Amino acid sequence: MSEFVYRDVAQPLQRMVSLVRNFAEDPLKPLPETLSAAVLDHPLRETVILERALVRLSCLLQLGFGEAGAAMVGRSLQRTPEADVGGGLGENYGKILNVGRVVHAFFGFCDICYFTDLTEILQADVVRVVNSVAKIIHRSVKDNSGAPNKNMGDTFLLVWMCRAGLGVRTVADASLRSFIRAVLEVSRSKDIRKMSQRSDVQTRMPGFKVQLGFGLHYGWAVECAIGSDLKVDASYLSPNVNLASRLQAATKQYGVEILISGQTHSLFSPSVQAMCRQVDRVTLKGTVHPMDLFTYDVPATTVDGISVVDDHIISSPDTTHQLFFSALQPALSDRFRQQFSAAMELYLGGHDGSQADWKRASQILSQLCNQSGPRDGPSQAIRSYIKRRARPDGSAPQNWKGYRALEANRAPRELLEPGPD
């Protein structure tokens with residue numbers, strides 16, 4: 001082989017074959033953002049074009065399929081008798097892609113509130129808002145041991161799995177930290193604030209600002225490819241994923257940004273568990289056993305436009321969980337939280353509801369709702385439910401069992417209307 005053929009043809013082909021092999025072995029391995037100067041200056045431009053296209057296509061596969069699709073992409077690129085037949089997937093779809101595996105993970109759903117109204121107002125400009133929010137959420141999740149899975153318009157599915165060297169409590173804390181960081185960064189984003197303060201947006205929804213709702217649940221799911229040989233998505237199938245979605249939807253009913261299942265709450269480190277507060281015990285659609293619901297009251301990090309928490313603590317992946325949570329204590333005072341906890345005990349009445357005292361619970365919640373400062377969504381939501389369901393003397397109904405079936409799309413009026421805090 002002449003030096004010319006080796007340098008200008010064989011070497012570029014070897015690099016491309018090596019890229020494909022490495023990508024098949026680990027589809028999530030970071031790829032070079034640009035080719036080296038030596039490659040770009042190659043005299044045979046056709047090989048440069050091919051090599052650049054191969055890198056870009058590989059990057060698009062990583063972006064499009066993500067962590068859930070890594071195994072699927074790897075199998076499709078590996079040399080097998082099935083893969084050698086024909087030029088596409090065709091009849092080999094089932095042999096290459098139609099394979100699932102059971103995983104245990106934390107599943108998070110995020111939703112941009114009032115997105116339908118915002119889309120009607122902004123039209124094509126709404127893409128700028130969605131992608132600005134997506135960038136913040138994806139980076140926050142990625143920096144905290146998770147992976148974005150699906151983008152569905154105004155909704156995002158996010159996944160955290162335990163990996164070598166990371167215990168379940170560490171990953172659990174990281175998932176909650178991702179949500180808190182995303183809420184704070186969205187509230188601080190100048191670009192997002194500029195879009196939400198447009199005159200046409202404020203005329204339609206006075207006091208509007210971009211807000212997020214998060215649901216977080218832990219459980220098993222089947223990681224698999226969903227679709228056909230015409231269109232494939234890599235995602236997760238499980239009632240646990242659906243539960244995370246329902247928790248996110250319920251954030252509107254409680255007027256909170258984050259709702260956490262009791263199962264997930266029990267996996268947090270003890271210090272983080274203590275920073276959350278229980279807001280109800282319910283059965284959700286698709287569940288039989290009652291589930292405790294918790295929230296984390298995200299604190300404000302600016303006062304009169306001045307930051308009171310270092311941006312580095314909020315956004316840097318180098319910040320330890322201990323420092324992050326110690327700097328971002330829950331927004332409500334200890335006294336408020338103690339009073340709310342007492343009201344919750346009276347409302348729930350123990351594991352079977354027999355000790356419930358709704359009249360006293362309602363009195364405490366009314367006091368909390370009448371306090372100055374931002375309205376407390378959970379206090380209003382529980383007080384509203386007690387008013388609707390209590391007997392004439394204010395006591396719990398005879399069939400009260402210490403939990404309730406969560407009513408879809410039922411929230412106090414004041415929690416459904418956007419407005420300033």
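Before reading further, recall that the structure is shown in the block above.
Residue positions are given per chain, counting from 1 as you read along its sequence in written order. The predicted nature of this model means local features are confined to residues of pLDDT at least 70 and side-chain atom pairs, given and counted, to a pLDDT of 80 or more, with totals for whole chains, interfaces and linings taken over all residues. As a rule here, side-chain values come from all non-hydrogen atoms in the structure, and water together with hydrogens is ignored.

Draft legend 1. The arrangement of the overall build of the chain in detail. Only runs of H or I of at least four residues qualify as helices and only runs of E of at least two qualify as strands under DSSP, and these elements are numbered from the N terminus. Within the chain, the secondary structure is distributed over 19 helices and 11 strands. Each of the 421 residues in the chain was classed as buried or not, and the buried ones make up 47%. The criterion used for residue contact is that any of the two residues' heavy atoms lie within 4.5 Å. Once local pairs closer than 6 in sequence are excluded, the contacts in the chain between residues at least 24 apart make up 70%. A 1.4 Å probe and the Shrake-Rupley method give the accessible areas. Residues count as covered only by the protein chains that appear here. With the model as given, the accessible surface of the chain reaches about 21800 Å², and the carbon-plus-sulfur share is 53%. Exposed residues in this analysis have more than 50% of their type's maximum accessible area, buried residues have under 20%, and partly exposed residues fall in between, with area computed by a 1.4 Å probe over protein chains only.

Draft legend 2. Seen up close, the packing of helix H16 (residues 334-348) against helix H18 (residues 377-389). Geometry is summarised by axes, namely lines fitted to C-alpha atoms with helices restricted to the contacting stretch, and by angles between N-to-C directions that run from 0 to 180 degrees. Running from amino to carboxyl end, H16 crosses H18 at an angle of 25°, the nearest separation of the two axes being 12 Å. Of the possible angle classes, the one that applies to H16 and H18 is roughly parallel. As H16 runs across H18, the sense of the crossing is left-handed. Packed against H16, whose contacting residues are Phe336, Phe340, Met344 and Tyr347, the element H18 presents Pro378, Ser379, Ile382, Tyr385 and Ile386 at the interface. Note on angle classes: values under 35 degrees are labelled roughly parallel, values over 145 roughly antiparallel, values of 65 to 115 roughly perpendicular, and the remainder oblique. In this scheme the handedness of a crossing depends on how the near helix is turned from the far one: anticlockwise by less than a right angle means left-handed, clockwise means right-handed.

Draft legend 3. Region of the structure containing unusual backbone geometry. A positive phi angle, near 55°, is found at Gln123, a position not held by glycine. Following the sequence through the fold, Gln123 ends up in the loop between helix H6 (115-122) and helix H7 (126-143). Given the relative accessible area of 53%, Gln123 is considered exposed. Phi is positive for Ser145, which is not a glycine, with a value near 70°. With respect to the secondary-structure elements, Ser145 resides in the loop between H7 and strand E2 (146-152). According to the relative accessible area criterion, Ser145 is partly exposed, its value standing at 26%.

Just geometry here; none of it tells us what the structure is for.
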